[in-house]
Amino acid sequence: MAVEDEEIWVGRQSTSYDSYQEEQADAQAAHSTGSVSSLPQLNSVMSFYLSKRHLTAGNPTPFPPSLPKLINWRYPPKIKMTNGMLLLCLNLDVDPPDVVKTQPCAVFECWVDPHSLPSNKAIEAIGTNLQHQFEALNPRMKYKPLLDPSVDDTRKFCINLRKLAQDERVLFSYNGHGVPRPTPSGELWVFNKTYSQYIPVSLWDLQQWLGSPCVYVWDTSSAGHLLSNYVRLAEQRDAELRAQNGGISPKGAVPFSDSLQLAACLADEQLPMCPDLPADLFTSCLTSPIETAIRWFLLKAANLPTGVTQDMVMQIPGDLKDRRTPLGELNWIFTAITDTIAWTTLPRETFKELFRRDLLVAALFRNFLLAERIMKNYHCTPHTHPPLPPTNTHPMWASWDLAVDACVAQLPRLLARDQAEPYEYIPSNFFSDSLTAFDVWLSRGGCALSSPTYDHKKPTVYPTNDPLAIPVSCDATYKHALVPRRPPDQLPIVLQVLLAQGHRLRALISFAQFCDLGPWAISVAMTIGIYPYMIKLLMAPPGDVRPVLIFIWARIIAVAPTVRNELLTNNGQRYFSQVLGAREEPTFVLIPNAAEHRAMCAFILTGMARGSLAGQTALAQDGVMEMCLARLADSSDYLLRTWVVLCIGQMWAQNDAIRDQAVVLDAQMTLINHLETEQAPDVRAALLYSLSTFLGASGTADFNVMNDLDDNINRNSRLARGGGGVGSLPSVSERGHYRLEAGLATTAMHSVQEDASPMVRKELVVLISTVVSVWKGHFVVCAWAYWEEERRVREKTTGVKESERSEVDDAIEAWRERVGHETDDEWMETCQQVLVGFFAIWVALLELAGDPYPEVAKRAQVVVDWVIGHLLDSPFAKLPGAGLTVPLSAAEPPRISQNGRRSRVASPQSLGSHPGHLRTPLMRGDLVNTAVLPDVPSLNRTSSFANALKSFGSYAFPPLEGFSRPASPAPSRPPSPPEDVGYEPVDVMEILIEADMERMRARKRKDPESDIVDVLPLKSTFFDWCNEYFTEPQMRQSESHEPGSVMYNMQLWRRSRNERILNETQAQAEIAPHCQWDRPVSTIHTSGVPQKIALHAFDTYIVSANDQDKISVWDWSQRKRLRSWSNGNSSTSNITALRFINDDTDGVVVVGSSDGIIRLWRHDDDEPVQLVSAFRAIPSLINVKRGPGLVFDWSQTAGAFTVGGDSKEIVVWDATSEGKVESLSTQSNSPLTTLTADFAITPIVVAGFADGVVKAFDRRIRDTDAVVRAYRVHSSWVVGARCQRYDEKALVTASMDGQVHLWDSRNASRSVANWHVNDRLASFDLHDQTSVFATTSSISQSNWRSHTTVIHSLPVAEPAVLSRVVHSTGLHHMPPIHAGQPTPHSSVVFHPNEMLYAVSTVDGTIRLLGCKLQERKEQAYAGILRPCEPPQPRASFDIMGSESF
């Protein structure tokens, strides 16, 4: 029946996500009064190839330009301030002429009543009190009170003060309550010697006497005149100094403009005279803030507690430094509140300069906030330079008033003397309430992220006018990026709480949750000054806070690695090494999640060692390497194994002494042994990274950004750029040194060369580059030998007569004789083994240069180009007939050798076309440069080296016969006659190898290194990628598990939809074997010939791969192409397998190619198509003229690929470990054409072959006996072999000659049923849910104008052809047809769940057809047909047999 009419598929009434969102919002609103646990919980769906290593391939995430740059937390060097002058101009007996005092008036000066003492005694008491008040702010400073001084005394003391301070900052405090106001021109007043006159002192003279830097406190009426004029004169003086110094500031001089000033009022204001306040109110606020604040609180309080008086203020019990006393607690609270006000109000740089750089400056400016609050109530406006924003109305002052009120209420009982028992002070709830508020901020969305407003015209936007708001640089690429919200106001208070033993654990836990928000949180915390607190806590006795401290320090090291210098200064590494190396003993305080916390400790220690020679030495002295080796051996946690390995790698990076210790411990071989057995890809990559640093790779970040290196390390140093092999290794002999490097590199290469993880292979290239960089002579020899053998093969294919013995054989044999003649046999054997190993590495490097993952290939090509460049510049290029100037063909395909190994020739881009230049005569000194080397087990080769190179495992030279080759290109110019250059290949070999040996000896002697920066060794980004783990949130749910989030709702909708589809299709599957399957659903027209197609299990997606290497994803319900991309195949390969995996989630497209490569593609709607992984699934291909290429099956539950094809083995790859877990011999000379396996149900693999045999393999049995069944009914190519998902005993096979057999898989002697559905089959498929199979006919010489698709039921009792659909090919002439092989012009595939199937034809059309379920139901209801029986067990037909596998 030809398909003519179509109808859009309406049998599937799927709910859209938008409508589902509305339903879900209503459901969540209904649950809003309940708990979060009432929301639906998502079941964990196992998805593969979607982890971070697949999405990033081991590359650190670039910092989006739309996110705020991390703030520079490190404070500038502290400016010492050790001397201060307290200038008091009071003249207590005489009032100044320009001041009219009120009656009563403020009289207290420094809390001394001048009228209670004689004037001379009073002034001395005032000066002494003022000195004590300043000493309370910073007791380490020396203060000199200057009482009613004359001009000469003032000048003399100022000059002496600067001499004492030298370049340090000095304090100048001026109290002018007994002299006239400062003049508008900026003159302050002092006395003459007889106190008969007021003498002005200009600010210009004062600047000259005191110099810079200074801190000025102006406590006088009209103080604004002094501040403004000082700034004006300072700018003038600085300008003059710059003019005298050629327009730049003098070196080492501090500008006068940088001096700090605090003034009591503006130029037109007078100091308050309230009799209840001290006359020096400004100074009292600055030097005794607690007493002043409480006194002012009592003044403005409407209702004082019973028994409280003003006199009690000075009697508050306790000590300012004891936080357990009332006075100490108030001081503690005041410090926390003023720090919070400043941090939330001031710009970051101003906050760091004023509040974190100097103890006295921080105290003065902190107390200035109180002065501003109080004095503005008396019409005075204190101000500073640099100017500060107003803070007198900050909300935090209410918290201070509450704390003062709670303390004042207890004063009568605290001061009562007639109590039988002392009253016990009730501490304030301020800190516990602040912690509660901080926890609320963390738990109620304050820590969430928000999207910035995007405007392409404004590169920078500020979300709010708040100083805490983080500036956001917007970029079109990152316009959907999220930025952190405003940090919590309570953060400075949390830091203060860390000082209290009672609140410490709770504060640390809350702070750890804040640090877990990301790098921005760490940056904010470091800016506010968390670092000194964390250092002090490390010195405290260990206890319950240890796990939290470890967590916080891991985040700090991840974001700010330079803190390691301070950690090392305080021996902080011992705190973490004790946890890492502690045994499970009762004496050791065990911590929860011990493995995870030990991994954090290993990470912290790794950060301390990275790029720091001091850190490496300190860790080695504490025995950290032994601890790491012990944890590597006994840990089952992959994160811990990863970081102990990386810690070892950072400890010995460019450190010869620690490398030598490691060799004594045999640490490098321990890592090699773990590399061969390790299952976790992250750990394998870490092992390669550490081995690379052992062999000379740099362990630091990119040397163009040297932020993580010590200041004394040059960016061009060996530590920064790498190189030099394993260093000097004093404990290893020269021969052992030689074997060590070659043996390590060769063994590592053999262990992971065929690894399925691109991240691991990328690290392997870095490791190889370290060896190539120091043994370049050996690799030039290997490249020449490979090239010469390849040239011989090309000459043979073009008919050029080949010599009986190659030039390479002669050169190697002659070299062996020379080495054996000059040294002993053991050294000759060692040299031979090393060269064999290096040749194997060179062949592997060429293979990696053609890796299916582009980044791996690109890195390997850099190394290949480097070697080829040296080859072209070597004397080899001048040898007669060398041919190194003849370019290769532009697209020479990879070849397959007789032993099954792919071989590859260097690309023409690698070889270049320019001739090499040779200096004559050839001298050893021309090739020897300073460079470096290590010890390995012997390779035990006894045959000649020439034969060894040709039989070295699977790494042989390209064979000389057995396969066809492309024609060699003609030379770019006529070949010139051979020229005698005066040396032979063996001479070049000897000089290059000896040059490497000389460089090794120079490294062992520690000769000076060259300053030339080379391309090799490559730098790895793996460590920085691993570092990101500790910058990502770990203590909260991901967005996909957060109820109400977009991702959570999407997953909930997807799960609901999937369950509904499964329920619907289960009911449909019962009647589908009795219905017609010819209902048109959709038609898609594609470009090219769709050779392979696959349907998504739940989404309306179909993916197709055509003959032009193009993959397209379509929405068949909309007939719309969603994505299209190239698979990246070579010109000689094509796509032979295609399917979706991870259908329960987004889905990943898996593409198999005839060259044995599997590529996995991710295609999100809003993101570019991404290659998440690619690997060579069939390492050894056989040379088949027209084989099936690669075929595979996927087990979603087990997470495993079963792969076969043009190979003599079936390989099982595990998606979790990304490694080969099993290899089964096919025991057949025919290629494998189809296979099926689902390891979640059965360990059986069923495979069909080109000779018609179908075999069943049992994975549990050893390889030689793995074939447990052989079905030998078919006589032609097996196009399909499938087991029903619900009954693994039912096996259906189909061959190219049209025969379809139903088997009881336990009985291979005869089939249960068989059908002849067509003369020539192209494709076959079996529905997973119902007893129906489909076949599509192949184009033949007699019928090439149409395809026939047959849908057939399986039940033995009533088999029937349900539908026969004929599709036109649209061809105008017969295409090429190959006998014995199905044509790729037509394909059929069932939907995994629904009663649908898709058929592709040679004209580029894909048709989707479905089962006529509705028609069947209507017939049943009308009585035409008997209604279906109730659902029976899913095996809908009986198959006989008694034997099981």
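The following paragraphs examine the structure supplied in this document. (Residues numbered from 1 in each chain as written. Predicted model: local features only at pLDDT ≥ 70, side-chain atom pairs only at ≥ 80, totals over all residues. Heavy atoms only, no water.)

## Concerning the overall build of the protein
The test is simple: Put simply, DSSP marks the helices as runs of H or I at least four residues long and the strands as runs of E at least two long, and each gets a number from the N terminus on. The cut-offs for exposure are 20% and 50% of the maximum accessible area for each residue type, with area from a 1.4 Å probe on protein chains only; residues under the lower value are buried, those over the upper are exposed, and the others partly exposed. To be clear on the numbers: accessible area is Shrake-Rupley with a 1.4 Å probe, and residue cover counts the displayed protein chains and nothing else.
Per the secondary structure count, the protein includes 41 helices and 42 strands. Sorting the 1445 residues of the protein into buried and exposed places 57% on the buried side. Of the roughly 59,800 Å² of accessible surface on the protein, a fraction of 51% belongs to carbon and sulfur atoms.

## Quick notes on helix α27 (residues 667–677)
Put simply, the test is: The contact criterion used is simple: two residues touch if any of their non-hydrogen atoms lie within 4.5 Å.
Every buried residue of α27 is accounted for by A667, Q668, M669, L671, I672, H674 and L675. Where α27 is buried, its residues contact α24 (624–634), α25 (638–651), α26 (656–665), α28 (681–694) and α30 (734–752).

## A look at the sheet that holds strand β31 (residues 1267–1271)
Rules: Whether two strands pair comes down to DSSP finding at least two bridges between them. Fitting a line to C-alpha atoms yields each axis, with helices limited to the stretch in contact; the angle taken between N-to-C directions then spans 0 to 180 degrees.
In space, the four strands of this open sheet follow the order β28-β29-β30-β31, with antiparallel pairing throughout. The sheet is open, and its two borders are formed by β28 (1232–1237) and β31, each paired with just one other strand. Pairs of neighbouring strands in the sheet enclose a mean axial angle of 20 degrees, with direction left out of account. Pairing of β28 with strand β29 (residues 1244–1249) involves five bridges; the strand directions are antiparallel. Directly across from A1237, in β29, lies its bridge partner V1245.

## A closer look at the sheet that holds strand β42 (residues 1405–1410)
A sheet is described by the order of its strands in space; here four strands give the open sequence β15-β42-β41-β40, paired in antiparallel fashion. Each edge of the open sheet is held by one strand with a lone partner, namely β15 (1079–1085) and β40 (1387–1390). Neighbour-to-neighbour, the strand axes of this sheet turn through a mean angle of 20 degrees, independent of strand direction.

## Details of unusual backbone geometry
Here Q103 and P104 are connected by a cis peptide whose omega angle stands at -5 degrees. Within the secondary structure, P104 is located in the loop between β1 (83–88) and α3 (119–137). With omega at 0 degrees, the peptide bond leading from L1016 into P1017 counts as cis. Structurally, P1017 can be placed in the loop between α38 (985–1005) and α39 (1022–1027). For A57, which is not glycine, the phi torsion reads 55 degrees and is therefore positive. Checked against the element boundaries, A57 lands in the loop between α2 (52–56) and β1.

## Side note on the pairing of strand β34 (residues 1299–1304)
Buried residues dominate β34, accounting for five of its six residues. Looking at chain direction, β34 and strand β35 (residues 1313–1316) are connected through four bridges and run antiparallel. In the strand pairing of β35, Q1299 is matched with H1316.

## Concerning helix α14 (residues 430–443)
The periodicity of an α-helix, 3.6 residues per turn, causes residues three or four places apart in sequence to face the same way. Rule in force here: Here, expected helix span is obtained from the residue count minus one, scaled by 1.5 Å.
With 14 residues, α14 extends 20 Å from end C-alpha to end C-alpha; this agrees with the ideal 20 Å at 1.5 Å per step. All of the buried residues along α14 are F430, F431, S432, S434, L435, F438, W441 and L442. On its buried side, α14 packs onto α9 (326–345), α12 (396–408), α15 (491–497), α16 (504–515) and α17 (519–528).

## Examining the packing of α27 against α30
Basically, it comes down to this: We call two directions roughly parallel when the angle between them is under 35 degrees, roughly antiparallel when it is over 145, roughly perpendicular when it lies between 65 and 115, and oblique otherwise. Left-handed describes a crossing whose near helix is turned anticlockwise from the far helix through less than a right angle; right-handed describes the clockwise counterpart. Only Asp, Glu, Lys and Arg are considered charged, only Ala, Val, Leu, Ile, Met, Phe, Trp, Tyr, Cys and Pro nonpolar, and every remaining residue, Gly among them, polar.
For the pair α27 and α30, the least separation of the axes is 9 Å and the interaxial angle reads 15 degrees. Taken together, the axis directions place α27 and α30 in an arrangement best described as roughly parallel. In this structure, the crossing between α27 and α30 has a hand that is left-handed. Where α27 approaches α30, its residues Q668, M669, I672, L675 and E676 are matched on the opposing element by L740, L744, T747, A748, S751 and V752. In terms of residue class, the contact of α27 with α30 is built from seven nonpolar, three polar and one charged.

## Considering the nonpolar core
To be explicit about the condition: Residue types Ala, Val, Leu, Ile, Met, Phe, Trp, Tyr and Cys, when buried and joined through side-chain atoms within 4.5 Å, form a set referred to as a nonpolar core.
L171, W218, F514, W553 and W842 are the most contacted members of the largest nonpolar core, which has 303 residues in total. Examining the composition of this core, we find that 16 residues originate from one element, helix α34 (residues 825–849), more than from any other. Counting residues in hydrophobic clusters, the runner-up holds 22 residues, among them F48, V1148, L1160 and A1215.

## Things to note about the state of the cysteines
Heads up, the rule is: When two cysteine sulfur atoms lie within 2.5 Å, the pair is treated as a disulfide.
The final tally for this structure, using the stated rule, is zero disulfides. Distance from the sulfur of C274, which forms no disulfide, to the nearest cysteine sulfur (C105) is 9.6 Å.

## Some details on the packing of aromatic side chains
The condition is simple: Geometry of aromatic contacts follows a simple scheme: Phe, Tyr and Trp rings, the Trp one being its six-membered ring, pair when their centres are within 6.5 Å, and the pair is stacked under 30 degrees between planes, edge-to-face over 60, tilted otherwise. In this scheme, the term charge over a ring applies when either NZ of a lysine or CZ of an arginine sits within 6 Å of the ring centre and within 35 degrees of the ring normal.
Summed over the entire model, instances satisfying the criterion amount to 49 aromatic pairs. Summarising the aromatic geometry, the rings of W775 and F838 are spaced 6.3 Å apart at their centres and angled 40 degrees between planes, so their arrangement reads as tilted. A residue pair is termed long-range when its members are at least 10 positions apart, and W775 in the loop between α31 (758–774) and α32 (776–797) and F838 in helix α34 qualify at 63 residues. Using a relative accessible area of 0% as the deciding quantity, one classes W775 as buried. For F838, a relative accessible area of 0% gives the class buried. Three or more aromatic residues link up through ring pairs in this structure, and these residues are F603, W643, Y689, F1022, F1023, W1025, Y1029 and F1030. Positioned above the aromatic ring of W204 is the side chain of R237, whose terminal nitrogen or guanidinium carbon lies 3.8 Å from the ring centre.

## With respect to the pairing of strand β19 (residues 1120–1126)
Here strand β18 (residues 1110–1115) pairs with β19 via six bridges, running antiparallel. Across the sheet, the residue bridging to D1115 is K1120, located in β19. Hairpin geometry of β18 and β19 is characterised by an intervening segment of four residues between the two adjacent antiparallel strands and by a positive phi of about 55 degrees at R1119.

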